Structure formats: C-alpha cells, structure tokens
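Examination of the molecular architecture
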Amino acid sequence: MRRLIDEPRIRKCAVLLVALVLVTAVIFQRQTIAQALKEIGELSAATVVVLVLLGVLDRVSRAEVIRSLLPELTLTRSEMISDVGAAASKGIPAGGPLATVLRWQLARERCVPGTRFIVMLVASGVATAFVSWGYPLVATVVDMAGRDSDLADLAIVSVCAAVLGGAALFWLLMLRSERAHLFVIARSEWVVARWPAVLGDVDSAASDRDLAALVVDEIRNGLRTIAGRPVGLLLRTLVAQGTGAVILWVALRGLGVGDELEVPEFARVYFVAHILGSLAPTPGGVGVIEAGVTGALVAAGVDTELALAGVLIYRLLTYVMPIILGTAWYVWCRCQRSAGLPQELGVSSVPSARGAMPLTRRAGMSNSSTPAFQTFHALRIKSFATVDTLSEMTALPPGGVQPNLMNMLEADQVQFCEASDLWQLTPDGRLAYPDLLDAELVSVETADLVSSYEKFLATNSPFHAFCGEWRLREGDVNDHRDAAYDENVIDRLAALDAAAQPLVVLLSGVLERPQPYAERLTRSLTCLQQGETNKFAGVMCGSHHDAWVELHEDLILAQGINRSAERSF
C-alpha cells in the first residue's frame, strides 16, 4: 500500500483530483461572487479600499496564528496552509478531514514533526473555541448593561459561560491529570499499532506502548507550554475571529445602515448567528450563516435589502475568497513542486551545478559504503536530521556530509528547511532508496548477519522493557525523584549494553555501517550515568534509545525484513 501511495502516477492523479474538486467548489460560488460584486459597486471607493485591507488582514491574521505555533514556517507557507485548509473545509462537503490532510502535507514539506502539527491543530482549535464563545458572552453582557435583560440574554450568557467553563475544565484535566494522561496513552496504542508510519518523526522501531507514550508526552508538553503563556495565541485568534465582524460592520455602514444598529447589539447577533452556522452540516455553514445573520440583523432593525447586501459582501471576503485563494495556492504549489522549483522564500533551491555523486560501492571493498550512500542511508533512518546528527550517525566529518547533501538536493532527493536546519528525504528520494540499497548490498552476504541479528533480537525485548520502566513507574509517569529506582534500571541497561556491544562488532564485520553505533551507545550510557535522564529513552536527542532503534532499523533494511510480520518492535 505504501509503495502504491508513493507511486508518482498515483500521487499526480491524487493532486489533480484534489485540484479539480477545489476548482469545482469555486465554480459553484459564481452566483454569490456576481451578486456580491454588484453590491460592492454601490459602495464608495474609500469603503472598498477599507474592505480590501480588512480582507487581507483576515487572511494574514489567520496565517499568523499558525506561524506563532510553528515558528519554523515562513508567513507565506503559513498563509498557504491556512488558505488551502479553508478551501477544502469550506468548499467541499465534509471536507474537514481532507483539509487536515492537505495542511499536514504542506507542513511536512517544511520538516514540521507530526506531533508539533497536532499541537498546532489542538491549540488553535481550543483558542478559536474560547474566542468564538467568549465574544458573544462579552458582547451580551455589555449590551445588557444599558438595558433590561430578557430571557434570550440570560440564555446566551448561560450557554456561553457553561461552554467556556466546561472547555477550561476539560483543558485543565487533560493537561494535569495523570489518570487522563495514561488513558490517552492506552487509547493511542491502538492508533500507532495500525498506522505506525503516520508520525514519521518518531521512530517506528519502538513498541506500541513506547511509541504511544512518546507521542502523547510530546503533544502534552507542547500544549502545556502554550497553556502556560496563552495571551499571545488568544490575542492573535481574537484578531482573526474579530476581523470578520469588522468586515460586515464596514459593509453595512458603507451601504447606509446607521444608528438603528448599535455596536453591542451587532456584536451579539453576529457571533450568536456565527456559532449556530459553525454547527451546521453544510460546508462553511453555507446557507445557514447567510440566513441566520441576515435574519438577526433584520430583527435588530436593519432594512432587509441592506442586511442581505451586507451579508453577501461579508461572505465574499470571508467565505468565497479563501476558497479561491486556497485553490490557487494548492495548484501553484503542486506545479512548482512538479517543476522542481523552490516554492517560497526561505527554502533552499539548488545551490550549484555540480553533478550528483554516484551512489555505488567502491570496487574491492565488500563491506564498505561510499560516503554518499552513508549520508543517504542515515537520512532514510532518521527521517529528519541536521548535518551534525548525520555526521554522528555516519562517523563522517560535517564537511564530508554537506557535499553529499548538496548533490542529493540537485537530484531532488532531499529538501532543506532553513528555519529548523533540518534535512529530509523527498518522495523522489524515498522512491530511489530501495534501488540504491540493493546496489549497496550486491556483494554482501546478508546471510552472515542472521546469527548476530537473532542474538540482537534476544536483547531487543529487554531493552524496550527497560525503556518502559524508565518512563513509567507502577503505572504512573516516572518523575525521576527516586534515585535508587533509576539507578537500578540504569545498571540493568549497562549490563544489557555490555552484552550488545560484541554483537555490534560482529555485525560490523559484515557491514561497515554499524561501527558508529558502538560509540554512540557508549557515549549515551555515560551521559545517562552522569545524570542526563533524557539520554535513556529521549527522542531525537542522541539518547541510548535513538542509537538502539536506529541500529535495529539499519539491520532490518539490510536484510529486507518485514517489521510487521516479524513484530520485532
């Protein structure tokens, strides 16, 4: 299935299908576009300029929310992610899942780890919920201060307060309760057991329990960091959500609506109608928001024709334009990628005209790898890596790694994210890897690996058990306050490492690549014994776990083993 998805023709067909669906969604909005443009023609030039500026602010503010949570992205890429996602969710029935997939695809191309993408989705969603329900609560309370309240006012205040209170309680429970934490880990095991490659930035060699704990911990820690400093995110979301209301207000004023509509009453009816529309089953609340906002404005004293005209202009700028822009972004981005061109500023393009270094074996060296293949292979194992990390994995100096990456970049086999200083294989690179590996192993007797590999597997299960004991103690997260407990686990790891080191030597007699693992395992164990607790089972930090699971993956690739069939996680 994976090879089918990676097939270039399949990928191109999928891209064309998505583009066709998005273009169709734009075509369906042609009547709304024509009617809105007709109403805009009745406005003054100054009002049109203000509306255009507000429309730009609406798109940029939403992109800025994403960029604040994923600072390695440029504003251009954040805008692309925001608009493409909006186009799918607003223009396609039940387009929410597709919107998430497209956003993830665009973020992953810029080396954003899966866990951080999830943090962005959750944090932005929670902030949007707080702001969306907080707006009508505040607006209604302010409006009630100048008049007698009625039953509708009390209902709005009660519902909004209950939703906000429940959301805050749920947020606190999920971030602070250890019982909830373990519950989520247990449920996540089911996901990672069936889709272990979804989060490619987390090593798939871990057990389901270990991988679930790693993923949940990283997401939880990311959300805790944001929850500790929520003001910036909430203010950005406030601007993003409030800009739409200002667009409608300016449109109504430009059409001639006057004192019959006061600001507090407008804010109250707008956000209540908007919340009801967001709960509608139609994409983007189409039909529901138009009818709800228009009806609420008429009930507030606005002329029916003026209310409808204002809503048409508002929907053009906040509903139709994101679909148009998102479709254009997606088509342009895919065309640029197909042409092998840089898709935005801040992303490296081909730096020179040097020819690609052949990734073949050196004559007369039966178990030796070229530096070019060592670099390629290390990046295949690591998924995302800096030059220094690749240098550590290959035992090549950084100056020996960089030229190989440059040659691979010319061949469109890798891409570089300047913001995070990470290299990553492209789809073309992943497709090229199996053939390069076959050429690498052509003169290697992989049968010679079997005996040592079976002995390695005998140590693999205890190792992952030790990792579980290090992370969890008696069912709770290990806070490392019990020095005696930690020392006992470290001592057993040291004994296991002593048994594994001779195996690495034996494996290195068949393949050259395993040699650096011995030093990496020794170095991480020494750091661990000196008090660096993350060097046991940390992820992407030079830990013992990093080196161990990468060695395991290396041996699996060399022998062509099906990991799922072997169940050797």
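Right above here is the structure, for reference.
What comes next is a walk through the structure. Since the structure is predicted, the reported quantities are computational estimates derived from the model, not experimental observations.

Cut-offs applied
Residue numbering note: each chain is counted from 1, following its sequence as written. For a predicted model such as this one, the threshold for reporting local features is a pLDDT of at least 70, and the threshold for listing and counting side-chain atom pairs is 80 or more; totals across whole chains, interfaces and linings nevertheless cover every residue. Remark: hydrogens and water are excluded; side-chain values derive from all non-hydrogen atoms of the structure. Only protein chains enter the calculation, and the probe is 1.4 Å; a residue is then buried if its accessible area is under 20% of its type maximum, exposed if over 50%, and partly exposed in between. Elements are defined by DSSP. Helices are runs of H or I of four residues or more, strands are runs of E of two residues or more, and each kind is numbered from the N terminus. Note on pairing: DSSP must find at least two bridges between two strands before they are called paired. For this analysis, a ring pair means two rings from Phe, Tyr or Trp (six-membered ring only for Trp) whose centres lie within 6.5 Å, classed as stacked if their planes differ by under 30 degrees, edge-to-face if by over 60, and tilted for the remaining angles. In this analysis the charged atom, NZ for Lys or CZ for Arg, is taken to sit over a ring once it is within 6 Å of the ring centre and within 35 degrees of the ring normal.

A separate point is the pairing of strand β3 (residues 422-425). Neither face of β3 is exposed, since Leu422 and Gln424 on one face and Trp423 and Leu425 on the opposite face are all buried. Sheet topology note: the strand β2 (residues 414-417)/β3 ladder contains 4 bridges and is antiparallel. When the bridges of β3 are listed, Cys417 appears paired with Leu422.

What follows deals with unusual backbone geometry. In this structure, Asp412 takes a positive phi of about 60° despite not being glycine. You can see Asp412 is positioned in the loop between α17 (398-410) and β2. The backbone of His480 shows a phi angle near 60°, a positive value even though the residue is not glycine. Within the secondary structure layout, His480 lies in the loop between β5 (476-477) and α20 (483-508).

Let us now look at the packing of aromatic side chains. Following the criterion strictly, the structure yields 9 aromatic pairs and no others. Centroid distance Trp104 to Phe117: 5.3 Å. Interplanar angle 45°. Geometry classified as tilted. Within this pair, whereas Trp104 is found in helix α6 (residues 96-108), its partner Phe117 is found in helix α7 (residues 114-145), the two being separated by 13 residues in sequence. Taking the relative accessible area as the measure of exposure, Trp104 reaches 16% and is therefore buried. Within the aromatic cluster, the residues linked to one another by ring pairs are Tyr453, Phe456, Phe463 and Trp548. For Arg315, the ring lying beneath its charged end belongs to Tyr319, and the centroid distance is 4.3 Å. The ring of Tyr485 is capped by Arg473, whose NZ or CZ atom sits 4.9 Å from the centre of that ring.

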